[in-house]
Amino acid sequence: MSAPTDVSPSLISTLPGLSYTDPALFGREQEKIFEARWIAAARSADLDGPGAFRTLDVGRENVILVRGRDGQLRAFLNVCRHRGARVCMEPSGVARRNLQCGYHAWTYGLDGKLVAAPNLTKMPDVDRTEYGLVPVPLREWLGYAWVCVADEPPSFDATVIGAVTERLGGAGVIERWDIENLEVGRRISYDVRANWKLIVENFMECYHCATIHPELTEVLPEFADGFAAQYFVGHGAAFADEAEGFTVDGSAGVSVIPGVVDGHDRKYYAITVNPQVFINLVPDHVIFHRMYPAGPDRTVVECDWLYLPEVVRSGRDLDSSVELFHRVNQQDFDACERCQLAASSKAYAQGGVLVPSEHHIGAFHSWVTEQLAT
Ligand code: FES
Ligand code: FE
């Protein structure tokens, strides 16, 4: 059997199958994309006191986020300046006073400065001020800490805030949801056996909605037509007349976020911030996805459901609210895993095709190709 070659010229080709399986290409994406862009690393409020820390992989680097005694969040490469051991081995925790390397006990303050090392006084040539942890630029926005490990980070305003503003059709719109001051009502982590690009591609189109999302298309009937939520800039998908809220059974949701007023109050918006954030906005909550590639065929997706603080603290049952998008996530990730299983087939060696309503995927492929070419 030979690979199909007689594809209609009016249809755009996808990336070839190898793009989803090749370890060398994955390494290049880590370098050119994940180490070059701003990455949403953690919900700031999760690091809730002095010494609270998290570690995470950003491309091929490992980064420590830690809250200082001054309340400031900082990020550092998780590498001891002595002989290069990883300083923090745990994914999260609370450092009592300092960060201490477990090899020879070099000790760093929460601000990254080298504060102590055994026998340091007998080694006058070691300049303590020069051997602190290497700082990583950090910005806080929408209640998340974003980091960039590039030597020269791109403009945060242009590449992150600008992407959201452009998608919503204007400055100041995202602020209506006051995401920074919402609280996590539920967090679910998904270990998806699929390449990160399959997850982005899936999020960008709604051609699949009629096939795999019965609950979502009940609430958002226009999704059954297959047009993407991102089809028009600033276009929100209207709730079905009979849906009282964005819930798995169409029942009423919880308290609406006060800034979400007429024109937005019965709509759903979806935004992608390349390369790893998806944001869904509905009147009473925000669904915030962060993707962390763990290999060519594996991606961890952390999904936060954010509500008004008083809703979370009331202990109110959020199940019908959370369940709708939890099912959507499971349905989407199952679909991505199906694609991953077939990506190495010779039938997909040249890739497939995109129908017109998937044109965002074509734009995403161009973006990936451009990043890799730099
Ligand atoms: Fe960290 Fe020696 S490698 S103290
Ligand atoms: Fe979907």
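Remember, predicted model here, so these are calculated numbers, not experimental data. (Residues numbered from 1 in each chain as written. Chains lettered and ligands numbered in written order. Predicted model: local features only at pLDDT ≥ 70, side-chain atom pairs only at ≥ 80, totals over all residues. Heavy atoms only, no water.)

**Q** Which parts of the structure should I look at to understand empty space enclosed by the protein?
**A** Over the atoms, a rolling probe the size of a water molecule traces out where space has been left empty. Within this structure, the stated rule accounts for two cavities of 30 Å³ or more. Contributing to the lining of the largest cavity are 22 residues, with Asn202, Phe203, Glu205, Tyr268 and Asp332 lying nearest its centre. Where the lining of the largest cavity is concerned, the elements lending two or more residues are helix 3 (196-204), strand 15 (267-273) and helix 7 (319-342). Top element by residues in the lining of the largest cavity is helix 7. It accounts for five residues. (1 Å grid on protein atoms, 1.4 Å probe; cavity = no way out; pocket = protein on both sides within 12 Å on 5 of 7 lines; lining within 4 Å. Points joined across faces, edges and corners; volume = space filled by probe spheres on them. Helix = DSSP H or I, 4+ residues; strand = E, 2+ residues; numbered from the N terminus.)

**Q** Would you explain the pairing of strand 4 (residues 61-67) in this entry?
**A** Consecutive side chains along a regular strand alternate between the two faces of the sheet. With six of seven residues buried, strand 4 is to be regarded as a mostly interior element. Taken together, the six bridges between strand 3 (residues 52-58) and strand 4 define a ladder with antiparallel strand orientation. Within the sheet, the bridge partner assigned to Arg54 lies in strand 4 and is Leu65. The antiparallel pairing of strand 3 with strand 4 creates a hairpin that spans two residues between the two strands, and Gly59 there sits at a positive phi of about 60°. Adjacent in sequence and paired antiparallel, strand 4 and strand 5 (residues 73-77) are bridged by five residues, among which Gly71 carries a positive phi angle near 85°. (Buried < 20%, exposed > 50% of the residue type's maximum accessible area, 1.4 Å probe, protein only. Pairing = 2+ DSSP bridges.)

**Q** Just checking my understanding: could you explain the coordination of the iron ion (ligand 2) for this structure?
**A** Put simply, a metal with four donors set out as a tetrahedron has ideal angles of 109.5 degrees, and one with six donors set out as an octahedron has ideal angles of 90 or 180 degrees. Every protein donor of the iron ion (ligand 2) is listed here as His208 (NE2), His213 (NE2), Asp332 (OD) and Asp332 (OD), and their distances to the metal cover 2.0 to 2.7 Å. For the iron ion (ligand 2), the four donor atoms in the first shell make angles of 53 to 142° at the metal, a pattern classed as irregular. In terms of primary sequence, the donors binding the iron ion (ligand 2) are separated according to H-x4-H-x118-D. Taken together, the positions of His213 in the loop between helix 4 (209-212) and helix 5 (214-219) and Asp332 in helix 7 put the pair 119 residues apart, joining distant regions of the chain. When sorted by exposure, His213 lands in the same class as Asp332, which is buried. (Donors = N, O, S within 2.8 Å, 3.2 Å for Na, K, Ca; no water. Tetrahedral: all angles 85-135°; square planar, octahedral: opposite > 155°, others 65-115°.)

**Q** Whenever I open this one, the layout of surface pockets confuses me. Can you help?
**A** Counted as a void, the largest pocket has a volume near 610 Å³. If you go around the largest pocket, you meet 30 residues; those closest to its centre are Thr55, Leu56, Asp57, Pro91 and Tyr292. Those elements giving two or more residues to the lining of the largest pocket turn out to be helix 1 (23-34), strand 2 (39-43), strand 3, strand 17 (285-295) and strand 18 (298-307). Residues of the lining of the largest pocket, tallied by class, amount to 14 nonpolar, six polar and ten charged. In terms of domain composition, the lining of the largest pocket takes at least three residues from each of domain 1 (39-147) and domain 2 (156-373). Approximately 480 Å³ is the volume found for the second largest pocket. Lining the second largest pocket are 21 residues, with Leu198, Glu201, Glu205, Cys339 and Glu358 sitting closest to its centre. (Nonpolar A, V, L, I, M, F, W, Y, C, P; charged D, E, K, R; others polar. Domains from an automatic or database assignment.)

**Q** Would you mind showing me how to read the sheet that holds strand 7 (residues 98-100) here?
**A** What links the strands of a sheet is backbone hydrogen bonding, and the strands pair in either a parallel or an antiparallel sense. One open sheet accounts for three strands, arranged 7-8-9; its pairing is antiparallel. Of all the strands in the sheet, the pair left with one neighbour each is strand 7 and strand 9 (114-116). Across the sheet, the mean angle from the axis of one strand to that of its neighbour is 40°, orientation sign disregarded. Pairing of strand 8 (residues 107-109) with strand 9 involves two bridges; the strand directions are antiparallel. Bridge pairing links Thr107 to Ala116 in strand 9. (Axes fitted to C-alpha atoms, helices over the stretch in contact; angles between N-to-C directions.)

**Q** I keep staring at the environment of Pro309 and nothing clicks. Help me out?
**A** Structurally, the position occupied by Pro309 is in helix 6 (residues 309-313). Accessibility expressed as a relative area gives 18% for Pro309, which makes it buried. Remark: the alpha-carbon pair of Pro309 and Leu182, spanning 127 residues in sequence, is separated by 5.7 Å. Sequence-distant contacts of Pro309, that is, excluding residues within four places in its chain, are made with Asn181, Leu182 and Glu183. (Contact = heavy atoms within 4.5 Å.)

**Q** What exactly am I supposed to notice about the confidence of the model for the chain here?
**A** Caution is warranted with low-pLDDT regions, since their predicted coordinates should not be read in detail. In the predicted model, the chain carries a mean pLDDT of 92, and 95% of its residues have values of at least 70. This stretch, residues 1-5, has a pLDDT under 50; its non-local contacts, to residues over four places away or in other chains, come to six contacts. Two summary scores accompany this predicted model of the complex, namely pTM at 0.94 and ipTM at 0.97. (pLDDT = per-residue confidence, 0-100.)

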